[in-house]
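One-letter residues, chain by chain:
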Amino acid sequence: MALTIFWILVFSGCSSAAKTGIRIPEGRYTPFFDLEKKPVEVSAYELDVTPVTQGNFLDFIQANPEWRRSAVKRLFADEDYLKNWRTDEAVPQAEAPVTYVSWFAAKAYCAWRGGRLPTLDEWEYAATARLEGETDSADQNRKILEWYGRPSSDRLPSVKGLSRNAYGIAGLHGVVWEWVYDFNALPASDGRPSSTPLSADLFCAGGAELSGDPENYAAYMRYAFRSSLKGRYTVKNLGFRCAYDS
Amino acid sequence: MALFFFLGFAFPLCAEDLPSSSLFHFDQVWRTESGSSFQLKELRGKKTVMAFVYTRCKSVCPLIIQNLYKLEKALPEPQLQGLRFLLVSLDPARDTPEAIRGFVEGYQLDLQRWTVLTGNPDALRSLSAAAGFNFKPTSDGEFVHQNTIFLLDEEGQMVSHYPNLSSAADELTADLTQVALQSHSDETLLEAP
């Protein structure tokens, strides 16, 4: 018996950290930028309450040294990967969101935790929930745009003090941008599916035509930002959180 | 000395020898038209022209393949010898090896020179994320996707991309010919006394 408990402890110590998600109920939302302009169903899932912190990411690196700044392959992360860390393990702000991480690193971290990156639809759906005090979506978008308009600071806030939205999720807006699994699942060029007739190639101004809500400039900025990324890119104010199948 | 050459030829170069940015570091297993497993590192040693298509695609994908045909016809044999054409399916759910086989036969692709792969959604997402290629399935089973053609060097590094279908074949022909000329010029310089 004692041996069994010992081995359970050993194996739990070797495995990834526990899940830290909150259940997001199933529902529907209309994507901002989509060819079909109709609501999509989002199944119930769990989402981390806060963005992954630098301290969390250090744990991952210590367990998976191939993701250290000095070891990571350029295929998986660009030259700026974790550039705000003084050394491979010198975390500047353990409780602040980790940034300068690539999509590949974020994806590997979430897999190590027993999860995955949220899909674009899952993230956007959770992010429609308002914070306490926000009167409507226009008010929410105005506050998001205020944040987008402020220059990024070198010092990020601790995730502990972040306000939670109606689902209980903190920091989806106002702290860092976040990777999603299918960040590159965006309409390309003219936005027409490739099975449409050849004349569709003559179509232009696809971007505006595909917008579900032209007044939602905050969502437009998120979509534009994501479409500029590649999987190995790292950015000063781009972090992530993990999702889990419910 | 003999041992050095023996070891060099007996053991293929391993992943650690690849450039850090090589796509050949991906270890996912893909499937060919015969159902055989295939890893991207098997493309090592030749330049690769890569594009994303799916077998049921009726308008843009045929244009992409036309561009590659045009390139295949335009390049002189020495350049063609060092080149592979790689088509990656955007639709792993429907593009089974059987579907890929029909596609290969329909387009009469020479498998000595062409490789058509189908994989799983995660392998596809990773490869597209690395390449900077956008695509999205639609509810009617089609795909919205970019038309970009990519050029990889012999070590799997992306050296160029060609987003404009109206000029991609000409640009690729010019670039590959230029690389060949440059390479020939370098060899000439090396051989000079």
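Coordinates for the structure precede this section.
Residues numbered from 1 in each chain as written. Chains lettered and ligands numbered in written order. Predicted model: local features only at pLDDT ≥ 70, side-chain atom pairs only at ≥ 80, totals over all residues. Heavy atoms only, no water.

**Student:** Help me understand the nonpolar core in this model?
**Tutor:** Where a protein is soluble and globular, its nonpolar side chains tend to be buried together. Among the nonpolar cores identified, the biggest contains 110 residues, and Phe57(A), Trp67(A), Tyr81(A), Phe240(A), Leu87(B) and Ile149(B) are the most heavily contacted of them. A per-element tally of this core places helix H3 (residues 103–112) of chain A first, with eight residues. When residues no more than four places from it in sequence are discounted, the contact partners of Leu87(B) are Ala51(B), Val53(B), Ile65(B), Leu68(B), Phe103(B), Leu109(B), Trp114(B), Thr115(B), Val116(B) and Leu117(B). Ala96(A), Val159(A), Val175(A) and Val176(A) belong to the second largest nonpolar core, which has seven residues in total. (Core = buried A, V, L, I, M, F, W, Y, C linked by side-chain atoms within 4.5 Å. Buried < 20%, exposed > 50% of the residue type's maximum accessible area, 1.4 Å probe, protein only. Helix = DSSP H or I, 4+ residues; strand = E, 2+ residues; numbered from the N terminus. Contact = heavy atoms within 4.5 Å.)

**Student:** Even after reading the chapter, I still don't get the interface of chain B and chain A, so can you show me in this structure?
**Tutor:** It is common to give the size of an interface as the accessible area lost on bringing the parts into contact. Taken together, the 34 residues of chain B in the interface contact 31 residues of chain A. Here Lys107(A) makes a salt bridge to Asp122(B), at a shortest N to O gap of 3.0 Å. In this structure, the connection of chain B to chain A is made through nine residue pairs in polar contact (both at pLDDT 80 or more). Those elements that provide at least two residues to the side of chain B that touches chain A are helix H2 (60–74), helix H5 (121–131), strand S6 (135–137) and strand S7 (143–145) of chain B. Looking at the side of chain B that touches chain A, the element that brings in the most residues is H5(B), giving eight residues. Residues belonging to the side of chain B that touches chain A are distributed by class as follows: 15 nonpolar, 13 polar and six charged. (Salt bridge = Lys/Arg side-chain N within 4 Å of Asp/Glu carboxyl O. Polar contact = N/O pair within 3.5 Å; in protein donor to acceptor, adjacent residues only side chain to side chain. Nonpolar A, V, L, I, M, F, W, Y, C, P; charged D, E, K, R; others polar.)

**Student:** It is not clear to me how the sheet that holds strand S8 (residues 149–152) of chain B should be interpreted in this structure. Could you clarify?
**Tutor:** Within a sheet, each strand pairs with its neighbour through backbone hydrogen bonds, oriented either parallel or antiparallel. Residue and element names in this part refer to chain B. Strands sit in the order S5-S4-S3-S8-S9 across an open sheet of five strands; the sheet is mixed. Only two strands of the sheet have a single neighbouring strand rather than two, namely strand S5 (114–117) and strand S9 (158–162). When the angles between neighbouring strand axes are averaged without regard to direction, this sheet yields 20°. Strand direction decides the pairing type here: strand S3 (residues 47–53) and S8, joined by three bridges, are antiparallel. Counterpart to Thr48 in the pairing with S8 is Leu152. Packed onto the sheet, helix H4 (residues 97–107) meets S3, strand S4 (83–89) and S5 and runs at close to 150° relative to S5. Packed on one face of the sheet, H5 meets S3, S4, S8 and S9 and runs near 115° to S3. (Pairing = 2+ DSSP bridges. Axes fitted to C-alpha atoms, helices over the stretch in contact; angles between N-to-C directions.)

**Student:** Would you mind showing me how to read unusual backbone geometry here?
**Tutor:** Most peptide bonds are trans, and most residues other than glycine sit at a negative phi. Backbone geometry places Leu82(A), a non-glycine residue, at a positive phi of 50°. Inspection of the secondary structure puts Leu82(A) in the loop between helix H2 (54–63) and H3. Given the relative accessible area of 0%, Leu82(A) is considered buried. Despite not being glycine, Gln108(B) shows a phi value in the positive range, around 50°. Tracing the sequence through the fold places Gln108(B) in the loop between H4 and S5. Judged by relative accessible area, Gln108(B) falls into the exposed class, the value being 72%.

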